[in-house]
Amino acid sequence: MTYIGRFAPSPTGLLHFGSLLAALASYLDARAHQGRWLLRIEDIDPPREHPDARHAIPQTLERFGLHWDGDIVFQSDRHALYQQALTQLAEHQQAYRCSCSRKQLLLRSGSSCYDGHCLTAAPAIDQPAAWRVCTHQAEIQFTDSIQGTQHYRLTDSGDFVIRRKDQLYAYLLAVVVDDADQGVTHVVRGSDLLDETPRQLHLQQLLGYSHPQYSHIPVACNTQGQKLSKQNLARPLDDSKPVPQLRAALRFLGQNPPAALQYASRDELLKWAITHWTPLSIPRCMAQPWRD
Ligand SMILES: [Zn+2]
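Quick notes on the rules
Residues numbered from 1 in each chain as written. Predicted model: local features only at pLDDT ≥ 70, side-chain atom pairs only at ≥ 80, totals over all residues. Pairing = 2+ DSSP bridges. Helix = DSSP H or I, 4+ residues; strand = E, 2+ residues; numbered from the N terminus. Domains from an automatic or database assignment. Axes fitted to C-alpha atoms, helices over the stretch in contact; angles between N-to-C directions. Buried ≥ 20, exposed ≤ 12 C-beta atoms within 10 Å, placed from the backbone.

Draft legend 1. Region of the structure containing the sheet that holds strand β2 (residues 36-41). Across the sheet, three strands lie side by side as β1-β2-β3; this open sheet has parallel pairing. Edge positions in the sheet fall to β1 (4-7) and β3 (73-74), since each of these pairs with one other strand and no more. Bridge analysis of β2 against β3 gives two bridges, and the strand direction is parallel. When the sheet's bridge partners are listed, Arg40 is paired in β3 with Val73.

Right, dumping it as structure tokens:
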């Protein structure tokens, strides 16, 4: 079987320890399976972008010895593909225009779960509108390689937005279209995205795509218990010292390089990690906070 994995950061900030975990785990899993490992920059939300991230992310990965296959794919170049998928859904009556604001929805139903209002009361053609996909209250079940069997009902979100009122495509649509277009077979990423997975599976089903195998690694949290993220100012990775950070990331992922590798170079350490990659040792949730 061919294995195609990927790392798909959004350029809203520089890579930090949490991003390194996702990059490293997906890289090692791909390489251990003699697979390809792709790099995709998810730059579909320009207002949220960090000006340096687009160039800094690939540089940091290179400094950490995580070399990807093929060209970097930028989502900002791929709007035509997302539009094609949206048109396909609309033509099959699986997506519809919606002009409701969050406030209107709250006033109407007292919750942020979409009530299907515009499915029967379509907004005027010249009115700015988002696009929502029909969820049919579907039940989704899948088995995550690390988190085990997951059951969801798509009733919590209701019909969800795939293109926003400001014309930007939603992350959920773009990621599903790209994974299918790039032939991605395995998705290894942080467990903060576990709850997004059922909606992605639903879209894959409606669009006639196959489902990748998902593995959600635990996310690193700071000492306050918050997930490391650009929003809570996680410190960027230090490009000048990849080895200690790689070593810490391997330990976090339950992979323990032997003492003999104490003075190993970056490439020796990665080579060991590929050969001895043991996904079964990855903990389901993080054991202790990350202190940097
Ligand atoms: Zn609506």
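Draft legend 2. Layout of the domain arrangement of the chain. The domain boundaries assigned to the chain delineate domain 1 (4-76 + 185-192 + 214-281) and domain 2 (79-139 + 152-170). Computed from C-alpha atoms alone, the centre-to-centre distance between domain 1 and domain 2 is 33 Å.

Draft legend 3. Just the sheet that holds strand β8 (residues 160-163), in detail. An order of β4-β5-β8 is seen for the three strands of this open sheet, with the pairing classed as antiparallel. Of all strands in the sheet, those with a lone pairing partner are β4 (95-98) and β8, marking the two edges. Averaged over all adjacent pairs, the angle separating strand axes in this sheet is 45 degrees, with direction ignored. Sheet topology places β4 next to strand β5 (residues 130-133); four bridges connect them, and they run antiparallel. In the sheet register, Cys98 faces β5, and the bridge partner there is Ala130.

Draft legend 4. Up close: unusual backbone geometry. Phi is positive for Gln34, close to 50 degrees, though the residue is something other than glycine. Along the chain, Gln34 turns up in the loop between α1 (17-32) and β2. C-beta crowding within 10 Å serves as the criterion here: with 9 such atoms nearby, Gln34 is assigned to the exposed category. With a phi close to 50 degrees, Gln137 is a non-glycine residue in the positive phi region. Tracing the backbone shows Gln137 in the loop between β5 and β6 (139-144).

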